[in-house]
Amino acid sequence: MFATTSLAFGGALVVGPAAQANTQHCSNSGPLLLELDTSGENIDIEYSFCVDKSEGGKFRGHGYGKVDDGGGQRKVEAFKIEARLEKGDRTVTKRTCDFTNQVNSTDGVNTDCTSPWKAASGGHTGDGRIYVDIDNDGAGSTWYGVPGSTGLS
C-alpha cells in the first residue's frame, strides 16, 4: 500500500490566480484508501471528492486521486469514476470518466474527474463513486462509495 499524503480536507482552500480564484471543500474523513486483489501486484486506490466554487459563483464536483500498481498487464475490465455536483443529495451535474486503459497500461495513474460547472446558489457538495471490474476474477463489477465533501455556499 502507499503512504497517505497530507492534504487539506474540510476547510476552505483558495487556488489559482486572484482573478480565477476558487474555493474548495473536501471530505472531513480524508480520502478513500482501497487495495484490490488483482493478478500480480494488487492495485491501490486513493481517492477524494470535493466541491469547487469559482469566483463567478459556479459550482462543480471534483474527484481526484491515483491508482498504483496497475500498469504492465491487464488488471481491470473496467475502471470508471463518477463525479457529481449535488445539492441536498440530489444530482445537479455529473460526469463519468473512463480510466480502464490508463490503469491497465500505466503505473501511478492520476484519475481526476470533474462534473460540469453549474451557475447556482450555494449549499452544494461534491460526491461520487468508483466502478471497478477486476479482470478474470469471476466476481463481476462493484461500485465503491467515496466520502463526499462538506457543503459549500
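These numbers were taken from a predicted model, which means no experiment stands behind them.

## Some thoughts on the overall build of the protein
Turning to step 1, where the next piece is worked out: For the protein, the count of helices and strands is one helix and 12 strands.
Turning to step 2, where the next piece is worked out: Going from N to C terminus, the protein has its helices and strands arranged as β-β-β-β-β-β-β-α-β-β-β-β-β.
Turning to step 3, where the next piece is worked out: Residue burial in the protein is summarised as follows: out of 153 residues, 47% are buried.
Turning to step 4, where the next piece is worked out: With an accessible surface of roughly 7,400 Å², the protein has 45% of that area assigned to carbon and sulfur atoms.

## Points about the packing of aromatic side chains
Turning to step 1, where the next piece is worked out: In the structure shown here, the tally under the stated rule is two aromatic pairs.
Turning to step 2, where the next piece is worked out: Consider the rings of tyrosine 131 and tryptophan 143, whose centres lie 4.9 Å apart with planes at 55 degrees: the pair is tilted. Of this pair, tyrosine 131 sits in strand 11 (residues 124-134) while tryptophan 143 sits in strand 12 (residues 141-146), and the two are 12 residues apart along the sequence.
Turning to step 3, where the next piece is worked out: Here arginine 129 stacks its cationic end above the ring of tryptophan 143, 3.7 Å away from the centre of that ring.

## What about the sheet that holds strand 6 (residues 76-87)?
Turning to step 1, where the next piece is worked out: Here we have four strands laid out as an open sheet, ordered 7-6-11-12, and antiparallel in their pairing. At either margin of the open sheet sits one strand with a lone partner, and together these are strand 7 (90-98) and strand 12. Averaged over all neighbouring strand pairs, the angle between strand axes comes to 20 degrees, with direction disregarded.
Turning to step 2, where the next piece is worked out: As defined by bridge partners, strand 6 adjoins strand 7 across eight bridges and the pair is classed as antiparallel. Bridge pairing in strand 7 places isoleucine 81 opposite cysteine 97.

## Notes on the pattern of salt bridges
Turning to step 1, where the next piece is worked out: What the rule picks out here adds up to eight salt bridges.
Turning to step 2, where the next piece is worked out: Measuring nitrogen to oxygen at the nearest pair gives 3.1 Å for the salt bridge that ties arginine 74 to aspartate 135. One end of the pair, arginine 74, is in the loop between strand 5 (58-68) and strand 6; the other, aspartate 135, is in the loop between strand 11 and strand 12, and 61 residues separate them in sequence.
Turning to step 3, where the next piece is worked out: Since its relative accessible area comes to 18%, aspartate 135 is described here as buried.
Turning to step 4, where the next piece is worked out: The residue arginine 84 makes a salt bridge to aspartate 127 at a minimum N-O spacing of 3.6 Å. One end of the pair, arginine 84, is in strand 6; the other, aspartate 127, is in strand 11, with 43 residues separating them in the sequence. With respect to class, arginine 84 is no different from aspartate 127; both count as buried.
Turning to step 5, where the next piece is worked out: Taken together, the shared-partner salt bridges connect Glu82, Arg84, Glu86, Lys94, Asp127 and Arg129 into one network.

## Considering the nonpolar core
Turning to step 1, where the next piece is worked out: Among the nonpolar cores identified, the biggest contains 20 residues, and Ile45, Phe79, Ile81, Ile130 and Val132 are the most heavily contacted of them.
Turning to step 2, where the next piece is worked out: Once you skip the residues sitting within four places of it in the chain, phenylalanine 79 turns out to touch Ile45, Val67, Cys97, Asp98, Phe99, Thr100, Val103, Thr111, Ile130, Tyr131 and Val132.

## Considerations on the confidence of the model for the protein
Turning to step 1, where the next piece is worked out: For the protein, the mean per-residue pLDDT works out to 83, and 86% of the residues sit at or above 70.
Turning to step 2, where the next piece is worked out: Below pLDDT 50 for its whole length, residues 1-21 participates in 47 contacts with residues either more than four positions away or in separate chains.

## Considerations on the state of the cysteines
Turning to step 1, where the next piece is worked out: Inspection of the entire model under this criterion finds two disulfides.
Turning to step 2, where the next piece is worked out: Between the sulfur atoms of cysteine 26 and its disulfide partner cysteine 50 the distance amounts to 2.0 Å. Every disulfide takes its handedness from the sign of the S-S torsion; for cysteine 26 and cysteine 50 that torsion is 95 degrees, giving right-handed. Residue cysteine 26 is found in strand 2 (residues 22-26), and its partner cysteine 50 is found in strand 4 (residues 43-54); the two are separated by 24 residues along the sequence.
Turning to step 3, where the next piece is worked out: Through a disulfide, cysteine 97 is tied to cysteine 113; the S-S separation comes to 2.1 Å. The sign of the 80 degrees torsion about the S-S bond sets the cysteine 97-cysteine 113 disulfide as right-handed. In this pair, cysteine 97 sits in strand 7 while cysteine 113 sits in strand 9 (residues 113-114), placing the two residues 16 residues apart along the sequence. When sorted by exposure, cysteine 97 lands in the same class as cysteine 113, which is buried.
Turning to step 4, where the next piece is worked out: For the protein, the bonded cysteines connect in the pattern 1-2, 3-4 when numbered consecutively along the sequence.

Reading the values: rules and limits
- Residues numbered from 1 in each chain as written.
- Predicted model: local features only at pLDDT ≥ 70, side-chain atom pairs only at ≥ 80, totals over all residues.
- Heavy atoms only, no water.
- Helix = DSSP H or I, 4+ residues; strand = E, 2+ residues; numbered from the N terminus.
- Buried < 20%, exposed > 50% of the residue type's maximum accessible area, 1.4 Å probe, protein only.
- Areas by Shrake-Rupley, 256 points an atom, 1.4 Å probe, with all protein chains shown as cover.
- Phe/Tyr/Trp six-rings, centres within 6.5 Å; stacked < 30°, edge-to-face > 60°.
- Lys NZ or Arg CZ within 6 Å of the ring centre and 35° of its normal.
- Pairing = 2+ DSSP bridges.
- Axes fitted to C-alpha atoms, helices over the stretch in contact; angles between N-to-C directions.
- Salt bridge = Lys/Arg side-chain N within 4 Å of Asp/Glu carboxyl O.
- Core = buried A, V, L, I, M, F, W, Y, C linked by side-chain atoms within 4.5 Å.
- Contact = heavy atoms within 4.5 Å.
- pLDDT = per-residue confidence, 0-100.
- Disulfide = S-S within 2.5 Å.

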